[in-house]
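# An overview of the molecular structure
Listed below are the residues making up each chain.
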Amino acid sequence: QPRYALGASFFSLLKVLEALNVAPPSDALVEEIRALWKRRGEEYAEAPNRAFDVAAALIGKTPAIYSAVGVTEAAGWRFKGQLNENAKTLAFHAPFPEMNHNEIVGWETVRGELSALVPIYLPDTAAHPRTLLRFEIVERILGKSGVESMTLQGEGEDRRVRLMDLVYLLDWVSYWLAVLRGYDPGEIDNIMALKKELSEKP
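Attention in this report is confined to the structure presented alongside it. (Residues numbered from 1 in each chain as written. Predicted model: local features only at pLDDT ≥ 70, side-chain atom pairs only at ≥ 80, totals over all residues. Heavy atoms only, no water.)

## A closer look at the packing of aromatic side chains
To keep it simple, the criterion reads: Put simply, two rings from Phe, Tyr or Trp (the six-membered ring, in Trp's case) pair if the centres are within 6.5 Å, and we call them stacked under 30 degrees between planes, edge-to-face over 60, tilted for the rest. Relative accessible area decides the class of each residue, using a 1.4 Å probe on protein chains only: under 20% of the type maximum gives buried, over 50% gives exposed, and in between gives partly exposed. Think of it this way: any DSSP run of H or I at least four residues long counts as a helix, any run of E at least two long counts as a strand, and we number them from the N terminus.
Applying the stated criterion to the full structure yields 13 aromatic pairs. Note on Phe-10 and Phe-11: the rings are 5.2 Å apart at their centroids and 80 degrees apart in plane angle, and the pair reads as edge-to-face. Look at Phe-10 and you get partly exposed, because its relative accessible area is 37%. Residue classification places Phe-11 among the buried positions, given a relative accessible area of 15%. Each ring, one from Tyr-121 and one from Phe-135, has its centre 6.2 Å from the other, and the planes form 80 degrees; the classification is edge-to-face. With Tyr-121 in strand β3 (residues 117-122) and Phe-135 in helix α6 (residues 129-143), this residue pair connects regions lying 14 residues apart in the sequence. The pair Tyr-121 / Phe-135 is uniform in exposure class, with both members buried. Ring-pair connections join several aromatic residues into one group, and the members of that group are Phe-10, Phe-11, Trp-37, Tyr-44, Phe-52, Tyr-168, Trp-172, Tyr-175 and Trp-176.

## Some points on the environment of Phe-96
Cut-off, in case you're wondering: Note on contacts: a residue pair is in contact if any heavy atoms of the two residues lie within 4.5 Å.
Relative to the elements of secondary structure, Phe-96 occurs in strand β2 (residues 92-96). When residues no more than four places from it in sequence are discounted, the contact partners of Phe-96 are Tyr-66, Ser-67, Ala-68, Val-69, Tyr-121, Thr-131, Arg-134, Phe-135 and Val-138.

Here you go:
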């Protein structure tokens, strides 16, 4: 599936941008990420591991993913899509601070013991200090309802490395959640059914 080829698609495009002098040379950065993904791949391929443990905690839950605008926002949207397609489960995503203007109010009626929702926070030190403060405050506010949450972050000195580390972790979470729920991560039956019916209509 195309969603499994992030490395090939992203880094190929990056090389094109470098050739056009739109992006600076980044061979050292790319090599660092490649080596990181190789290590993580070996780590996440054998259960139990960090990705497996997160996936296990999501069994029977509906993730509400919250990211930092312009920093981990793309990772949040990708994680939502990966959970939808790979794990065949609903998931929701909203970036901070936008979530704080509307969705936060929807949590006022959520009760932990009755809710399948689980907030997943994706902060990063590169985010604006006020955005990071929002993560702390929102976690406290939502925590009052008794809802359990989790915080996931990438590792590395460079924010770009941390982002790629986070994306790779979240991809593996979606894979393990599919396996644990008994689904084929590559299957997209509903999409194919939609395309088939559309193709039969003028």
